[in-house]
Amino acid sequence: MIADAGRDFDVALVLGGGNALGAYQGGAYQALHERGLEPDWVVGASVGSVNGAIICGNPVDRRIAQLETWWNVSNVAVADARLSPAMYDEARRTGAALGTVATGQTGLFAPRHLFGPTWNPFGNVEPASLYDTVPMRASLEQAIDFDRLNGDAPRFCATAVDIETGEDVIFTAGEQRLGPDHLRASSALLPAFPPVEIDGRLLADAGVSANLPLDTVLNTPPARPLLCIAVDLLPLRAPRPQTLGETVIRMQDLMFATQSRRAIAAWQAIYAARGDDAARVTLLHLAYSGEGREVSGKAFDFSPKSAAARWRAGCRDLGRALAGLDARPAAMPGLSVFALDGERRDLTPIRWNLAPTPFARGDAGGGAAVHVAHGQTV
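Participant: When you look at the nonpolar core in this model, what are you seeing that I'm missing?
Facilitator: Residues Ile 144, Phe 156, Leu 183, Ile 229 and Leu 318 are the most contacted members of the largest nonpolar core, which totals 73 residues. Here this core takes 8 residues from helix H11 (residues 304–324), the largest share from any one element. Setting aside anything within four residues of it in sequence, one finds Ile 144 in contact with Ala 53, Ile 54, Gly 57, Asn 58, Leu 149 and Leu 183. Judged by nonpolar contacts, the second largest core, of 21 residues, contains Trp 41, Leu 214, Cys 228 and Tyr 271.

Spelled out as structure tokens, the structure:
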């Protein structure tokens, strides 16, 4: 098992977007914290930037408590989901999501144009959107010590996308003063939330470009071996959908999860081309699967019971994944990628291989494509 004592490697934590599913990342951080594996660098997109800023913007002994408060799971006892009737749980989750759609989420966002173009209770001059995230400013200021975040905290980056140029934008604490609006910009998923203007650029949720901001870390050669833990909130693989609701869920997942697959495949190819000159990086990719209980509006289900279940899943999953890794990651040059096998549900770490594969076509044309093959058990 990997432990912090005398470690000769750095830890980077990469957190993707997924709105209310972000409680899973709180649990994943708890698994790191319990093992003394505090990250040296945190990079977040969308809700991942919020979780990351809470981690970096609080002292080590206050991080778990602040994340629990943010996700409203401090006093929630979660029974095993298998003991709760599926029909009841689906109704509860659906009701919670619909309630958020109708009335917003206290302290985060409120209806703006949902009931007509004249409904703008906070007088927000930002471009039109369904909800107003101005209430989020005060909540972020309460949860995060921005002086610490911009000072000697672990290195922190938040990502966004320029909606006029399409360029990716990286905010790095210490290189510029980060505040609540930088996190609002990173979380501004159009058209639900309004884009935010920062230094003359109109910015929105990084998820539309790179929902899991791996590029920020993997594009920077580390000074010593690196363990990069990437926490996705949307799964790449899932069973065939059987209902319309399951089809909607699958569509939502694939829109973002395929970004991660392509990014990992591309970086494996880059590191393989570098050969012995490549840095030593171990990438542990974790994705929240939802355990079959999420509903089509899952990104808007902020209910404490759902959040606590996701938190518990994140803590369990990352704990088991870390237990399966070698005590000293990145012993060999290159990028070693591991994930959890969601099909067997035994949470066995697996290695994802990059392989050139002929692109089969019915005509005489052809070419080469790069893909990530199915995992092989480590």
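Participant: Help me understand the packing of helix H1 (residues 23–34) against H11 in this model?
Facilitator: What describes two packed helices is the angle between their axes and the distance between those same axes. With their axes 6 Å apart at the nearest point, H1 and H11 run at an angle of 40 degrees to one another. One finds that H1 runs oblique with respect to H11. Of the two elements, H1 crosses H11, and the hand of that crossing is right-handed. Contacts between H1 and H11 involve Ala 23, Tyr 24, Gly 26, Gly 27, Ala 28, Gln 30, Ala 31, Leu 32 and Glu 34 on the former and, on the latter, Ala 307, Arg 310, Trp 311, Ala 313, Gly 314, Cys 315, Asp 317, Leu 318, Gly 319 and Leu 322. Here the contact of H1 with H11 is composed, by residue class, of 11 nonpolar, 5 polar and 3 charged.

Participant: Would you mind going over the packing of helix H2 (residues 47–56) against helix H3 (residues 63–71) with me for this structure?
Facilitator: The interhelical angle for the contact between H2 and H3, taken along N-to-C directions, is 145 degrees, at an axis separation of 9 Å. Each of Val 47, Val 50, Asn 51, Ile 54 and Ile 55 in H2 lies in contact with H3, whose residues at this interface are Arg 63, Gln 66, Leu 67, Trp 70 and Trp 71.

Participant: Honestly, the side chain of Thr 133 in this entry has me stumped. Any pointers?
Facilitator: Residue placement: Thr 133 occurs in the loop between strand S4 (131–132) and helix H5 (135–143). Since its relative accessible area comes to 6%, Thr 133 is described here as buried. A distance of 3.0 Å separates a polar atom in the side chain of Thr 133 from a polar atom in the side chain of Arg 184. Look past the residues within four positions of Thr 133 in its chain and what remains in contact with it is Leu 108, Phe 109, Arg 184, Phe 193 and Pro 194.

Participant: Explain the pattern of salt bridges to me, please; I cannot follow it from the model alone.
Facilitator: Should their charged atoms come close, side chains of opposite charge can pair. The final tally for this structure, using the stated rule, is 13 salt bridges. In this structure, Arg 177 engages Asp 147 in a salt bridge whose closest nitrogen and oxygen atoms are separated by 3.0 Å. On the criterion of sequence distance, the pair formed by Arg 177 in the loop between strand S6 (168–172) and helix H7 (180–186) and Asp 147 in helix H6 (residues 146–149) is long-range, its members being 30 residues apart. Each member of the pair, Arg 177 together with Asp 147, is exposed. If you follow the salt bridges from partner to partner, you end up with Asp 89, Arg 92, Arg 93, Glu 294, Asp 301 and Arg 310 in one network.

About the thresholds
Residues numbered from 1 in each chain as written. Predicted model: local features only at pLDDT ≥ 70, side-chain atom pairs only at ≥ 80, totals over all residues. Heavy atoms only, no water. Core = buried A, V, L, I, M, F, W, Y, C linked by side-chain atoms within 4.5 Å. Buried < 20%, exposed > 50% of the residue type's maximum accessible area, 1.4 Å probe, protein only. Helix = DSSP H or I, 4+ residues; strand = E, 2+ residues; numbered from the N terminus. Contact = heavy atoms within 4.5 Å. Axes fitted to C-alpha atoms, helices over the stretch in contact; angles between N-to-C directions. Parallel < 35°, antiparallel > 145°, perpendicular 65-115°, else oblique. Left-handed = near helix turned anticlockwise from the far one by under 90°. Nonpolar A, V, L, I, M, F, W, Y, C, P; charged D, E, K, R; others polar. Polar contact = N/O pair within 3.5 Å; in protein donor to acceptor, adjacent residues only side chain to side chain. Salt bridge = Lys/Arg side-chain N within 4 Å of Asp/Glu carboxyl O.

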